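What follows is each chain in one-letter form.
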Amino acid sequence: MPLKIDHLGIAVESIEQTLPLYEGPIGLKIVHEEVIADQKVHAVFLQVGESTVELLEPTAPDSPIAIFLQKKGPGIHHIAYAVEDIEAKLAEAKAAGIRLIDEKPRPGGHGKIIAFLHPKDTFGVLTEYCQRID
């Protein structure tokens, strides 16, 4: 069973334009920020209790987030579940007939390894498993 909802990924055109809403009226605080080069994304994590909101801004026009924004516009991109053993969860999902976007975990943001399940097999929700590695 997942440990918790780790984060909710939100695709945005501009973190600079979006951040005042999250830091202002919503009242969240940045806990981590990084550019994830291989995913061509600038990510900002904002704390919400034991979870975070991850704002995702594309750093290149061919990034997955840029493509998502072109197709759907800004909004919720994915939900991420923290797991203790990501390899076991991927094997479990595959055995259940769920297509994996990532057959093996890969480096993600905020000190984690990540892997995605295909949204066509998760009722339209892009689902991520993540495991802390630091």
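In this report, the structure presented in the accompanying data block is examined. Predicted, not measured: the structure shown is a model, and the values here were computed from it. (Residues numbered from 1 in each chain as written. Predicted model: local features only at pLDDT ≥ 70, side-chain atom pairs only at ≥ 80, totals over all residues. Heavy atoms only, no water.)

## A closer look at the nonpolar core
Okay, so step 1: If you look at the biggest cluster of nonpolar residues, it comprises 10 residues: I10, V12, I15, L19, Y22, L28, V44, L46, V53 and L55.
Okay, so step 2: Taken together, the elements giving at least two residues each to this core come down to helix 1 (15-23), strand 3 (41-48) and strand 4 (51-58).
Okay, so step 3: Sorting elements by how many residues they give to this core places helix 1 first, with 3 residues.
Okay, so step 4: In contact with Y22, not counting residues within four places along its chain, are I10, G27, L28, L46, V53 and L55. (Core = buried A, V, L, I, M, F, W, Y, C linked by side-chain atoms within 4.5 Å. Buried < 20%, exposed > 50% of the residue type's maximum accessible area, 1.4 Å probe, protein only. Helix = DSSP H or I, 4+ residues; strand = E, 2+ residues; numbered from the N terminus. Contact = heavy atoms within 4.5 Å.)

## Focus: unusual backbone geometry
Trans is the common state for peptide bonds, and a negative phi is the common state for residues other than glycine.
Okay, so step 1: Within the chain, K40 stands out as a residue other than glycine whose phi angle is a positive 55 degrees.
Okay, so step 2: Checked against the element boundaries, K40 lands in the loop between strand 2 (30-36) and strand 3.
Okay, so step 3: Of note in the backbone geometry, H110 takes a positive phi value of approximately 60 degrees without being a glycine.
Okay, so step 4: With respect to the helices and strands, H110 occurs in the loop between strand 6 (106-107) and strand 7 (112-117).
Okay, so step 5: Note on H110: relative accessible area 17%, which makes it buried.

## Observations regarding the pattern of salt bridges
Okay, so step 1: One pass over the full model with this rule turns up 6 salt bridges.
Okay, so step 2: The salt bridge involving K89 is made with E92; its shortest N-O contact spans 3.1 Å. Here E92 and K89 lie together in helix 3 (residues 86-95), a separation of 3 residues that amounts to about one turn.
Okay, so step 3: K89 gets classed as buried once you look at its relative accessible area, which sits at 11%.
Okay, so step 4: Across the salt bridge formed by R99 and D121, the nearest N and O atoms sit 2.9 Å from each other. With R99 in the loop between helix 3 and strand 6 and D121 in the loop between strand 7 and strand 8 (127-132), this residue pair connects regions lying 22 residues apart in the sequence.
Okay, so step 5: Given a relative accessible area of 43%, R99 falls into the partly exposed group. (Salt bridge = Lys/Arg side-chain N within 4 Å of Asp/Glu carboxyl O.)

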